[in-house]
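Examination of the molecular architecture
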Number of protein chains: 2
Amino acid sequence: MRKAQYTMQDIANQLGISKSTVSRALKNHPDISQETKDAVNKLAEEMDYQPNSLALSLRHKKSFVIGIIVPEIVHDFFANVISGVQSVAYEEGYNVMICISNESPEQEEVDVKAMYSSRVDGLLISLTKETKKLKHIESIVNKGVPLVMFDRVSENINVSKVITDDFQGAFMATDHLVKQGCKKIVHLSGPDNLSISSLRLNGYKDALSKNNIPVDDNLIIPCPEGTLSEATKTMKSIINSNLEFDGIFANNDVTAIGAMNALKELGKKVPEDISIVGFGDWRLSQLLDPPLSSIEQSGINIGVESAKLLFKQIKEEENDKEFTPITKVVQNNLIERKSSIK
Amino acid sequence: MRKAQYTMQDIANQLGISKSTVSRALKNHPDISQETKDAVNKLAEEMDYQPNSLALSLRHKKSFVIGIIVPEIVHDFFANVISGVQSVAYEEGYNVMICISNESPEQEEVDVKAMYSSRVDGLLISLTKETKKLKHIESIVNKGVPLVMFDRVSENINVSKVITDDFQGAFMATDHLVKQGCKKIVHLSGPDNLSISSLRLNGYKDALSKNNIPVDDNLIIPCPEGTLSEATKTMKSIINSNLEFDGIFANNDVTAIGAMNALKELGKKVPEDISIVGFGDWRLSQLLDPPLSSIEQSGINIGVESAKLLFKQIKEEENDKEFTPITKVVQNNLIERKSSIK
DNA sequence: AAAAATTGCGCAACCGATTGAAAAGTTAGG
DNA sequence: CCTAACTTTTCAATCGGTTGCGCAATTTTT
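Position numbers for residues start from 1 in each chain and track the written sequence from start to end. As a convention, the first chain written is A and the first ligand written is 1, with the rest following in written order. Selection of residues for local features in this predicted model requires a pLDDT of at least 70, selection of side-chain atom pairs for listing and counting requires 80 or more, and totals for whole chains, interfaces and linings are taken over all residues. With hydrogens and water set aside, each side-chain value is computed from the structure's full complement of heavy atoms.

Helical segments are the DSSP runs of H or I of at least four residues, strand segments are the runs of E of at least two, and each set is numbered from the N terminus. What chain A contains, in helices and strands, is twelve helices and twelve strands. Relative to its full complement of 342 residues, chain A shows a buried share of 55%. Contacts in chain A between residues at least 24 apart in sequence constitute 72% of all its contacts with a sequence separation of at least 6. When the accessible surface of chain A is split by element, carbon and sulfur atoms take 47% of a total near 15,500 Å². Any residue under 20% of the maximum accessible area for its type is buried, any over 50% is exposed, and the rest in between are partly exposed; the area is computed with a 1.4 Å probe on protein chains only. We call two residues in contact whenever any of their non-hydrogen atoms come within 4.5 Å of each other. Here the accessible surface of atoms and residues is derived via Shrake-Rupley with a 1.4 Å probe, and residues count as covered only by protein chains that are part of the display.

Next comes the structure, spelled out in structure tokens:
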């Protein structure tokens, strides 16, 4: 029993009126008589009429869709961001179109173009790790599409941005370890080319200095891949090298977990012998044994803030106001769990 | 330096030709002279012209967008499904619009309507846990929109479906435990109202029977919430009740982890004393200590299969062929890790 | 050189809604 | 009974592309 897809014209034809009357009737326009409105609404209901928003978008030059491009989706952080964005978008009556760049700059370019082709009313984007050229971003910004970058942002373009305070997060993590009595804190650092790595490293160093603990470069150990096996391997070799330490601040949770597994395997106790704090607070972290302390980067918050900023911008552009890009820094929270409490 | 949004008419005006010529020139239509084509292409490039796909969609009654509605996105399984869907969609030249119903049937209804309003060319959907009425689904199906349900499907509607073989997965998990020498296997079961719970329970029972082990109802312990705390609490009370058992097959990974943590806390060794297998193979499972054996429900596969089925249907409808709904069952894999290997 | 074929391009309708302005239709006032 | 003043409805343009058809201008054929 397949129904057709009805249009206003169909309703108009059946009632012997014009489609403009139908349009106004459905919108409860005062010009239309109650009688006509009732008839139109009744028939629309019967036909299960639903408006074609493509036509609307074309007419109004407004699609009520915002786009979001993320490098990955199987990732708690980005999934949370999307979730936050969605909640704001729903409230504003917008739909969300999602593209996944898969960490590929080429895909990212294609995605941005597709988003523009669909005439999204605004775009949220977190760059791939490899993105160097920003022509595609400039192009869409020049066309007047409101754009907000989040988390993985670029300094080379003047748009609104929402980032987390990596420095502050690292500072809190390290400071917490010191407060727990740690004197020699290892930092498992991330890849050099990402600014978040250096920010976290600096936060670590600053926290030590503020606590009058000298920074020892031997305690700063690179784990650029950020994989479990790398961390496990690295940690084992550190332990075997007899380096003395009593705490670990890892660049991310996976690294922390790898380190923790290595420690346990070699008979070290967490947190009694070594306290550990990670970064990112993946969902799994609280499920570990012992549960891992971590810096919570609230993806939801970032999503919400980014979306809010985007809608603010969309509204100002609609009113032809000048919009000056803003950078919003979202603070992180330290989630204290057993892995760091002595 | 804000550029405007140019249309074909703008190009036509600048070159003193008509927009139909521009349209054909850009599509490399044979009717147009090379000279004109070159001029058009050059100007289009300069203006950074990008077509408005809303207009295209309206004209062709085809949006080149497919929709997907998931109950959650901060969830490895659904994130993987989306990822699989995206990859197929990209190949087909389609964009993906995602809605998150947040386990709310009301939201789901709104989402389906929004998808139809946007005139998606097809829709993928996994129902919320609470969805009872299917009017919204029937409505969009009746309008001729190809639709495929995945994972959380309903038996009360005749559409294509992609599901995992929960029975088979549970069977494999249980059989594996038996092969490892377990004689008394506890099943931590899921909520009664979901068919996946009963399928998994039946798989468990069947595996025992096939191995000539009697099913003992005392060993079937409900963990309907599927939360960590519930599982931990439940497991502790079981141990304290002195119930004898040497293996656990949990309805999902979180439950398995909760149980594992409880066991370790009460001095039981995994896998030596008790072997454990979970279900779902969350990303975290391999990071645990010991890594958790689990049934991998390949979200990516389900996404890929669902999308393929959808595109098949889209193509057949385009050719006015009759399409008979298909149900595709995707097999699960047992991922053997330390938690179950004696 | 006239007729036929080919080439290159423009006109106008169309997709499905919105909306200002014009045109009916209705009622009231003089 | 005529006109002004409403009320209600229709017309037609518009959004940005696509496309069948027609029409010149040019080239080829006879």
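Let us look at the relation of the copies chain B and chain A. Turning chain B through 180° and shifting it by 0.1 Å along the axis lays it on chain A, with an RMSD of 0.1 Å. Interpreted geometrically, this transformation is the action of a two-fold axis. The rotation axis passes nearest to the C-alpha of Met97 of chain B in chain B, at a distance of 2.4 Å. Taken as a fraction of all interface residues of chain B, those also at the interface in chain A reach 100%, which identifies the copy contact as same-surface. A least-squares fit on C-alpha atoms brings the copies together, and the residues used are those whose pLDDT is at least 70 in both copies.

It is common to report an interface's size as the accessible area lost on association of the parts. The partner chain A presents 55 residues to the 55 residues of chain B that form the contact. Approximately 5,400 Å² of surface area, both sides summed, lies buried where chain B meets chain A, with 53% of it carried by carbon and sulfur atoms. Accessible-area loss on putting two parts together, using a 1.4 Å probe and summing over both, is the definition of buried area adopted here. Looking only at chain B, the three residues that lose the most surface to chain A are Gln50, Leu54 and Leu287 of chain B, adding up to 13% of its buried area. Salt bridges are counted wherever a side-chain nitrogen of Lys or Arg sits within 4 Å of a carboxyl oxygen of Asp or Glu. Across the chain B-chain A interface, the total number found is four salt bridges.

The subject of this paragraph is the sheet that holds strand β6 (residues 185-189) of chain A. Residues and elements named next belong to chain A. Here six strands make up an open sheet; going across it, the order is β7-β6-β8-β9-β10-β12 and the pairing mixed. In this open sheet, the two strands that pair with only one neighbour each are β7 (220-222) and β12 (333-335). In this sheet, adjacent strand axes meet at a mean angle of 20° when their direction is disregarded. Judged from the three bridges that link them, strand β10 (residues 293-296) and β12 form a sheet pairing that is antiparallel. Along β12, the bridge assignment pairs Ser294 with Ile335. Lying on the sheet, helix α9 (residues 195-210) is in contact with β6, β7, β8 (247-250) and β9 (275-279); it crosses β6 at an angle near 170°. In this description, strands pair whenever DSSP reports at least two bridges between them. Angles run from 0 to 180 degrees between N-to-C directions of axes, and those axes are lines fitted to C-alpha atoms, restricted for helices to the stretch in contact.

All names here are of chain A. Between the first and last residue of a helix there are one fewer steps than residues, each counted as 1.5 Å, and that sum is the expected span. Helix length check: helix α8 (residues 166-179), at 14 residues, gives a terminal C-alpha distance of 20 Å against a target of 20 Å (1.5 Å per residue), a fit within 8%. Most of α8 sits inside the fold, with ten of its 14 residues counted as buried. Of the positions making up α8, those classed as buried are Asp166, Gln168, Gly169, Ala170, Ala173, Thr174, Asp175, His176, Leu177 and Val178.

With that settled, the discussion passes to the confidence of the model for chain A. Per-residue confidence for chain A averages 93 on the pLDDT scale, and 99% of its residues sit at or above 70. Of all helices and strands in chain A, the one with the weakest mean pLDDT is helix α11 (residues 253-265) of chain A (92), whereas strand β3 (residues 122-125) of chain A scores best (98). A residue's pLDDT is the predictor's confidence in that residue, given on a scale from 0 to 100.

Turning our eyes to something else, we now look at the UniProt feature "domain: HTH lacI-type" (unreviewed entry) in chain A. Those places that UniProt annotates as "domain: HTH lacI-type" (unreviewed entry) correspond, in this numbering, to residues 6-60 of chain A. Helix makes up 69% of residues 6-60 of chain A and strand 0%, and the two end C-alpha atoms of the span are 21 Å apart. UniProt positions are given in the numbering used here, feature names are shortened, and annotations may be inferred rather than shown by experiment.

In this section: the sheet that holds strand β12 (residues 333-335) of chain B. Residues and elements named next belong to chain B. Overall, mixed pairing links the six strands, which are arranged β7-β6-β8-β9-β10-β12 in an open sheet. Here the strands that pair on one side only, and so sit at the sheet edges, are β7 (220-222) and β12. With direction set aside, neighbouring strand axes in the sheet form an average angle of 20°. Across three bridges, strand β8 (residues 247-250) lies against strand β9 (residues 275-279) in parallel orientation. Its bridge partner being in β9, Ile248 is matched across the sheet by Ile276. Docked against the sheet, helix α8 (residues 166-179) engages β6 (185-189), β8, β9, β10 (293-296) and β12, running at close to 170° with respect to β9. Sheet strands in contact with helix α9 (residues 195-210) are β6, β7, β8 and β9, and its direction is about 170° off that of β6.

We define proximity as follows: a residue is near a molecule or strand when any one of its heavy atoms falls within 4 Å of that partner. Close to DNA strand D lie 26 residues; Thr21, Arg24 and Thr36 of chain A together with Ser23 and Arg59 of chain B are nearest. The sugar-phosphate backbone supplies 55% of the atoms of DNA strand D found within 4 Å of the protein. Interatomic distance of 2.9 Å between a backbone N/O atom of Ser18 of chain A and a phosphate oxygen of DNA strand D. Contacts to DNA strand D include Lys61 of chain A, whose side-chain N or O atom sits 2.7 Å from a phosphate oxygen. Elements supplying a minimum of two residues to the surface near DNA strand D: α2 (19-26) and α4 (53-60) of chain A together with α2 (19-26) and α4 (53-60) of chain B. Residues adjacent in sequence count toward polar contacts only when both atoms are side-chain atoms; beyond that, a polar contact is any pair of N or O atoms within 3.5 Å, and within protein one must be able to donate a hydrogen and the other to accept it.

What follows deals with the side chain of Asn251 of chain A. Inspection of the secondary structure assignment puts Asn251 of chain A in the loop between β8 and α11. Contacts of Asn251 of chain A, omitting those with residues within four sequence positions, involve His187, Leu188, Ser189, Gly190, Pro191, Ser197, Arg200 and Phe279 of chain A.

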